Structures are given as structure tokens and as C-alpha cells.
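Tertiary structure, described
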Amino acid sequence: MSLDDLKLVYVIGCFMLGLIILSPTLAMVINLPSGERFTELWILGPEHMAENYPFNIVSGQTYNISLGIANHMGCLEYYAVYIKLRNQSEPLPNSTSGMPSSLEPLFEYRVFLGDGEVWEKRPLFFSFEFSFGDGFCNVSRLILDGYVKDVNKTVLWDAENKGYYLMLFFELWIYNSGDSSFHYHNRFVSLWLNFTRTF
Amino acid sequence: MVLKLSNIKKSLVLLATFAVVLSSYFSQICVAAEKNEAQNALNNAESALASAYLAVFNAEKAGANVSSLNSKLSMAADWLARANNAFRLGNYDEAYNFAVNCFNIAKGLADEAEILMKEAQKSRSEKLFWSATYSSIGISFLFVLSLFGWRYLKRFYIKRVLKMKPEVIGEDELRRS
């Protein structure tokens, strides 16, 4: 090894040692980029598993699911979940354009979550009151988590899927401190419900 | 006499109708007033909660431990959601009460968060000061020691080179090297 090589090794060694000495201060000043930021939104069935979701609905009978949110945004976030009900002709949220459904929410939940925290509404009870006419089903009421809401939705017979279907869906909104309002967070979860007769 | 009685009857009927119309009018006014009151309470609660959130968010960014404030925020948010749900169902009285509950929790939070933020900023700047001081001392020592170290290392290297004995190598080996 020549003297120049030795000098180079020595300078590099000293530089590394200098970085080690400076690292506590640098860590306080430099913010390193964190991982991917996202929010989880889920619904689970009555046994808290992704199975046995309520599907065939009987008037007056109570069903339960779990609704959950997990924050991985790296900071405290303010969320709202809007619960909406649609038939097959009414609009869904648009995932491509990030637009929410234009339907009015029936209920809402609001929650603050720190980074890594999880919120879960478990169990979330719901039931419907409905009656059948000639080729249609009139859903008069939704009872969700103790709230009774007159929905008055008419569901027509779906000949292709053979049933009267409504979708109960949960949109996730997030508070934007920049313009002090909630924005659709481009996430929703849904349940297709088949309204059935009891004999 | 008969004419008088029928007149009285007529006026009674008119009076009753008038009373019914008036009471329905007033009840509508009352409902509208209740609705407005509830809406105002909701708006106040909403803005109080938003300011509290911003204050807590900034405190967290400054490095404060905001876990106790988070649970209060969640409680206030729950009241606000209930108030909004009650408002949607037309229960304006309930909506008003829930919104007031939310407002009462949220109004003190911004101040608490600001105190926590100031404490966190102070402790952070103290930490930064001491860390920077220790680092500067360390770097200065390293600089001085490295200069001395280099002189020592250089001397050691030269001594080692001078101690080396020349070795005679063949012409083939010289060409190869």
C-alpha cells in the first residue's frame, strides 16, 4: 500500500467516525422519508372473519358486521365514514376519478387515529324493514347501530341475478387541514344485500 | 235568538280554525328555530373540533405526547357524529345537545395542545442544543486527534518502509510485474 492509499483510507475512516459522532444531531434535523402512506378500511362478518357476510336479508331481522379503519399515514388523522345505501341504478363512488357517490349519507362515524392506530366498530348491528309489491320491494326503514332512518327505497326485481338487491356501502373521508374540509379518501367497502320474503 | 246563536257558533268555529292555523304556524316556526339552533350548534362544534385537531396535529409534529388528547378528540368526534346523525333524523333537540357536548370537550383541547406543543418545542430545542454541543466537541476532538494520528501513522509507515530490505528479482519476474 502506497502512502497516498493509506492517506485515503485514513481520511475515509475519519469521515465515517465524524458521521457517527454527528448522527444524533443529524437525526434530529433531517427527516428521512418514511414508507408508503395509506389507510385501511374493512368490513368483516359476524365472526370477525372475512366470511359469512349477511346477504339474504329478512325484514325485521338483525344482522351484524364489523367496520374498521387503520391509520398508516404517519401522523394523526381525522376520518369520517359515511354510510350510504344504493340500488343498482344509483351511483357508486368512482375509484378512477376519486369521486364519492353523489347519494346523501344516511349515517356517519367520525374518528381520530394516530399513526398505527386502529378503530373498529364491533359489532355494528343493522336491520331493514321492507315489504313486497308486484315485481318490486319497498325498503322503508334501515335501523343501524340504534338509529332508525326512513329510507323509502324501491328495489326492482333483478332478473339476471334473481333477487331484490341493495348495496350498503361505507365511504371513507379524510380531513384536509389545508382547506378545512373533508375529502373523499378514495376508499369504500360494500355489502350486497338480497331482500327476501319470509313464508 | 237563533240568529245570534248561529253567529256565535260561526265565530267559535272561525276562532278554532284560526287557533289551529296559528298553532301549526307557530309549531313550524318553533321547528325551524330548533333546526337553526341545532345547525348553529353543529357548525360551532365542527369548527371547534377542527381547530382542536389542528392544534393537536401541530403538537404531535412538534414531538409532544398527545395520546391523552387523542382520546378526548375521539370522544368529541363521536358526539359530533351522533349530533349529525340525530340532525339527519330530524331530532334537532338531541342534535343540539350532542353538538354542545362535542363543543364543550373540543373548546379546551386547543389550549391544552398549545401548552403541550410549547413544552415539546422547548424540550426539543434543549435536546438539539446539547446534542449539537456534544457533536461539536466530538468533531473538534476528532479533527485534532486525526491530525496527530496522521503524523504518527505517517511516521510509522515510513519507518516500516525504510526497514524493508531490497530484494533482487529476475528479469522475467520484473517483466511480468
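Reading the values: the criteria
- Residues numbered from 1 in each chain as written.
- Chains lettered and ligands numbered in written order.
- Predicted model: local features only at pLDDT ≥ 70, side-chain atom pairs only at ≥ 80, totals over all residues.
- Pairing = 2+ DSSP bridges.
- Helix = DSSP H or I, 4+ residues; strand = E, 2+ residues; numbered from the N terminus.
- Axes fitted to C-alpha atoms, helices over the stretch in contact; angles between N-to-C directions.
- Contact = placed C-beta atoms within 7 Å.
- Nonpolar A, V, L, I, M, F, W, Y, C, P; charged D, E, K, R; others polar.
- Parallel < 35°, antiparallel > 145°, perpendicular 65-115°, else oblique.
- Core = buried A, V, L, I, M, F, W, Y, C linked by C-beta atoms within 7 Å.
- Buried ≥ 20, exposed ≤ 12 C-beta atoms within 10 Å, placed from the backbone.
- pLDDT = per-residue confidence, 0-100.
- Expected span 1.5 Å × (residues − 1).
- Bend = angle between axes of the 7 residues up to and from the residue.

1. Digging into the sheet that holds strand β6 (residues 118–132) of chain A
All names here are of chain A. Pairing is antiparallel across the open sheet formed by five strands, whose spatial order is β1-β3-β6-β7-β8. The open sheet terminates on both sides in strands that have one partner only, identified here as β1 (38–44) and β8 (147–156). Put simply, the sheet's adjacent strands are angled 25 degrees from each other on average, direction ignored. When strand β3 (residues 63–72) meets β6, the two strands line up antiparallel, connected through seven bridges. Within the sheet, the bridge partner assigned to Leu67 lies in β6 and is Lys121.

2. Some points on the interface of chain A and chain B
Listed as interface residues are 26 residues of chain A and, on the opposing side, 29 residues of chain B. Among the secondary structure elements, those contributing two or more residues to the side of chain A that touches chain B are α1 (3–29), β5 (107–113) and β8 of chain A. It is α1(A) that provides the largest number of residues to the side of chain A that touches chain B, a total of eleven residues. Across the side of chain A that touches chain B, the residue classes break down as 18 nonpolar, five polar and three charged.

3. Re the packing of α1(A) against helix α3 (residues 92–163) of chain B
Two elements in contact, α1(A) and α3(B), have axes separated by 9 Å at closest approach and are oriented at 170 degrees. Relative to α3(B), the element α1(A) lies roughly antiparallel. Contacts between α1(A) and α3(B) involve A:Leu3, A:Leu6, A:Tyr10, A:Cys14, A:Leu17, A:Gly18, A:Ile21, A:Leu22, A:Pro24, A:Thr25 and A:Met28 on the former and, on the latter, B:Lys127, B:Leu128, B:Ser131, B:Ala132, B:Ser135, B:Gly138, B:Ile139, B:Leu142, B:Ser146, B:Trp150, B:Leu153 and B:Tyr157. For the contact of α1(A) with α3(B), the per-class residue count stands at 16 nonpolar, six polar and one charged.

4. Description of the nonpolar core
Residue and element names in this part refer to chain B. Core analysis: the biggest nonpolar cluster contains 74 residues, and Ala45, Ala52, Val56, Ala83, Ala99, Cys102 and Ala113 have the highest contact counts within it. Counting residues per element, this core draws most heavily on α3, at 14 residues. Once residues lying within four places of it in the same chain are set aside, the contact partners of Ala52 are Leu73, Ala76, Ala106, Leu109, Ala110 and Ala113.

5. Digging into unusual backbone geometry
Residues and elements named next belong to chain A. Residues Arg122 and Pro123 are joined by a peptide bond in cis, for which omega reads -5 degrees. Of note, Pro123 is situated in strand β6. Located in the positive-phi region is Ser180, a residue other than glycine, with phi close to 50 degrees. Take Ser180: it is sitting in the loop between β9 (165–176) and β10 (181–196). You can call Ser180 partly exposed: it has 13 C-beta atoms within 10 Å. Phi is positive for Asn186, close to 60 degrees, though the residue is something other than glycine.

6. Things to note about the confidence of the model for chain B
Residue and element names in this part refer to chain B. Per-residue pLDDT for chain B averages 87, and the proportion of residues at 70 or more is 90%. Element-level mean pLDDT values for chain B span from 74 in helix α4 (residues 171–176) up to 94 in helix α2 (residues 67–88). The ipTM, which scores confidence in the relative placement of chains, is 0.84 for this predicted complex, and the corresponding pTM is 0.78.

7. Digging into the sheet that holds β5(A)
Residues and elements named next belong to chain A. The sheet built from five strands is open, its strands ordered β2-β10-β9-β4-β5 with mixed pairing. At either end of the open sheet lies a strand with only one pairing partner, and these are β2 (56–58) and β5. For this sheet, the mean inter-axis angle between neighbouring strands, taken without regard to orientation, is 35 degrees. Bridging between β2 and β10 involves three bridges; their strand directions are parallel. Each bridged residue has a counterpart across the sheet, and for Ile57 the counterpart in β10 is Phe195.

8. Comments concerning the pairing of β10(A)
Residue and element names in this part refer to chain A. For β9 and β10, the ladder comprises twelve bridges, and the chain directions are antiparallel. Within β10, the residue paired with Glu171 across the bridge is Phe188. Hairpin remark: β9 followed by β10, antiparallel, with four residues in the connecting loop; positive phi at Ser180, about 50 degrees.

9. Digging into the pairing of β6(A)
Residue and element names in this part refer to chain A. As paired elements, β6 and strand β7 (residues 136–144) share seven bridges and run antiparallel to each other. Looking at the pairing, Ser131 lines up with Asn138 of β7. As consecutive antiparallel partners, β6 and β7 are separated by three residues, and within that stretch Gly135 has a phi angle of approximately 80 degrees, a positive value.

10. Side note on the environment of A:Asn52
Residue and element names in this part refer to chain A. Along the chain, the position of Asn52 falls in the loop between β1 and β2. C-beta crowding within 10 Å serves as the criterion here: with 11 such atoms nearby, Asn52 is assigned to the exposed category. When the C-alpha positions of Asn52 and Asn194 are compared, they lie 14 Å apart, and in sequence the two are 142 residues distant.

11. Some remarks on α1(A)
Residues and elements named next belong to chain A. Between its first and last C-alpha, α1 extends 37 Å over 27 residues, near the 39 Å set by a 1.5 Å rise per residue. At Ser23, α1 shows its maximal kink, close to 55 degrees; a proline, Pro24, follows between one and four residues later. Where burial is concerned, little of α1 is hidden: one out of the 27 residues are buried.

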